[in-house]
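Residue-level structural notes
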Amino acid sequence: MLIEDAATIADLLACPACNSAVRTGPAAADGRPTLACTNPDCAHHAGFERVGGQALLVDFPSSVLDREATLASGGASVVERADWRETIGRVVNGRNHYAAHYARDVVKQLEASGIERPVILVVGGGIVGSGANDLYASKTVGVASFDIYSSPQVTFIGDALSIPFADNSVDAVWVQGVLEVTIDAPRVAREMQRVLKPGGLLFANVSFMWPVCEGAYDFSRYTASGLRWLFRGCAPLSLGFSNGPGTMAALAIRYLFQSLLRSTKAGQIAAFPFVWLRKLDRFCDVRRGLDAAPAIFFYGRKSDTPAEFADAIQFYQDRVPLARAAQKLRD
């Protein structure tokens, strides 16, 4: 279930500026407790601001976020997040079957772990990712979600470049379609692994050959080997493509028509008869599919021994049996 207020997990939080512990303070105007850094020399010792009823756990001097713009907009996203866009996108691009499986697996493992208060950290959870709904279904596993904008799906507003959680504090980390739209994905990946407990679970889903999807805020793409290197602090449990070459073909046709017709909407309409091509994903060979997939996922467990560069090179061969095993899990 979603943790609705960051104050309820204050013992897990850390100041994004100095990494000191965070304490709760007097209630704000909305009746919820305020949060503040315990370090008297820190600028956030006086307390973190709130916007839209949510804590702003952001160190603005070192963040991509602008304080004045964030407060003036009420924490609104700079990119349009209309529900109808998400609905159409999922109809056209299909459901993420693998994310649904691993969401259930993460919850199942945490429920059976005996941990008193297991917490899953969702990075960039302003919109619930495709297939991730089961993360929120458990009554015993808490979901702490954050994004750089206010949303009913987030626990607080934060910047993934400085995740406001203490080292080794969360039991699982989940990130979908976020790393490619962050300005420094390697730093975000390090932050995710920093806050993850030893033996904790991590699921990451990123774009590889997917076209630009967030305009000026879209920065990078990752191969399977690149994703392995980003999360070299985690031992791989599974890997695969959440969208394969069939979807890639459908996307290429869509963007071809959009370019020829000089219109996004007209191109989408013209390409709609080719949506069926994504159904071919399930029949694609994983070795070649991983080299031409629109989106790739990595599922791992935090390890005591980070991978070396040679391990990342070897992973290009090791990835095939992992992906073949994952392909059998598709709903």
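Residues numbered from 1 in each chain as written. Predicted model: local features only at pLDDT ≥ 70, side-chain atom pairs only at ≥ 80, totals over all residues. Heavy atoms only, no water.

**Some thoughts on the pairing of strand 8 (residues 170-176)**
It is a general feature of regular strands that their side chains alternate between the two faces of the sheet. Taken across its seven residues, strand 8 has seven buried, putting it largely inside the fold. Examined bridge by bridge, strand 5 (residues 119-123) and strand 8 share four bridges and lie parallel to one another. Opposite Leu121, over in strand 8, you have Val173 as the bridge partner. With six bridges connecting them, strand 8 and strand 9 (residues 196-207) associate as parallel partners. For Val175, the partnering residue across the bridge sits in strand 9 and is Ala204. Crossover handedness for the path strand 8 to helix 4 (residues 185-195) to strand 9: right-handed. (Buried < 20%, exposed > 50% of the residue type's maximum accessible area, 1.4 Å probe, protein only. Helix = DSSP H or I, 4+ residues; strand = E, 2+ residues; numbered from the N terminus. Pairing = 2+ DSSP bridges. Right-handed = clockwise from strand over helix to strand, strands pointing away.)

**Brief notes about the packing of helix 6 (residues 245-261) against helix 7 (residues 264-271)**
At a minimum axis separation of 7 Å, helix 6 and helix 7 run at an interaxial angle of 135°. Regarding the angle of helix 6 to helix 7, the classification is oblique. For the pair helix 6 and helix 7, the crossing hand works out as right-handed. Across from Ile253, Arg254, Phe257, Gln258 and Leu261 in helix 6, the residues of helix 7 making contact are Thr264, Ala266, Gly267, Gln268, Ala270 and Ala271. Of the residues belonging to the contact of helix 6 with helix 7, the class tally is six nonpolar, four polar and one charged. (Axes fitted to C-alpha atoms, helices over the stretch in contact; angles between N-to-C directions. Parallel < 35°, antiparallel > 145°, perpendicular 65-115°, else oblique. Left-handed = near helix turned anticlockwise from the far one by under 90°. Contact = heavy atoms within 4.5 Å. Nonpolar A, V, L, I, M, F, W, Y, C, P; charged D, E, K, R; others polar.)

**Focus on the pattern of salt bridges**
One pass over the structure, following the stated rule, counts 13 salt bridges. For Arg104, the salt bridge identified is with Asp134, shortest N-O distance 3.4 Å. Here Asp134 lies in the loop between strand 5 and strand 6 (142-147) and Arg104 lies in helix 3 (residues 97-111), a separation of 30 residues in the sequence. Judged by its relative accessible area of 35%, Arg104 is partly exposed. In this structure, Asp171 and Lys197 form a salt bridge, with 2.9 Å as the shortest nitrogen-oxygen distance. One end of the pair, Asp171, is in strand 8; the other, Lys197, is in strand 9, and 26 residues separate them in sequence. The class for Lys197 is partly exposed, based on a relative accessible area of 26%. (Salt bridge = Lys/Arg side-chain N within 4 Å of Asp/Glu carboxyl O.)

**Here we look at the nonpolar core**
One finds Leu35, Leu121, Val123, Phe165, Met192 and Phe231 to be the most contacted residues of the largest nonpolar core, which totals 58 residues. For this core, the element with the highest residue contribution is helix 4, accounting for five residues. Setting aside residues up to four positions removed in sequence, Leu121 forms contacts with Ala144, Phe146, Ile163, Phe165, Val170, Ala172, Val173, Trp174 and Val195. By size, the runner-up hydrophobic cluster in this structure holds 22 residues, among which are Ala99, Ala103, Val106 and Val141. (Core = buried A, V, L, I, M, F, W, Y, C linked by side-chain atoms within 4.5 Å.)

**Examining the sheet that holds strand 7 (residues 156-158)**
One open sheet accounts for nine strands, arranged 3-4-7-6-5-8-9-11-10; its pairing is mixed. The open sheet terminates on both sides in strands that have one partner only, identified here as strand 3 (50-51) and strand 10 (234-243). Direction of pairing for strand 6 relative to strand 7: parallel, over a ladder of two bridges. Residue Asp147 lies in a different strand from strand 7, and its bridge partner there is Ile157. Of the strands in this sheet, strand 10 and strand 11 (295-302) touch helix 9 (residues 309-327), which is tilted by about 65° from strand 10.

None of this, on its own, says anything about what the molecule does.
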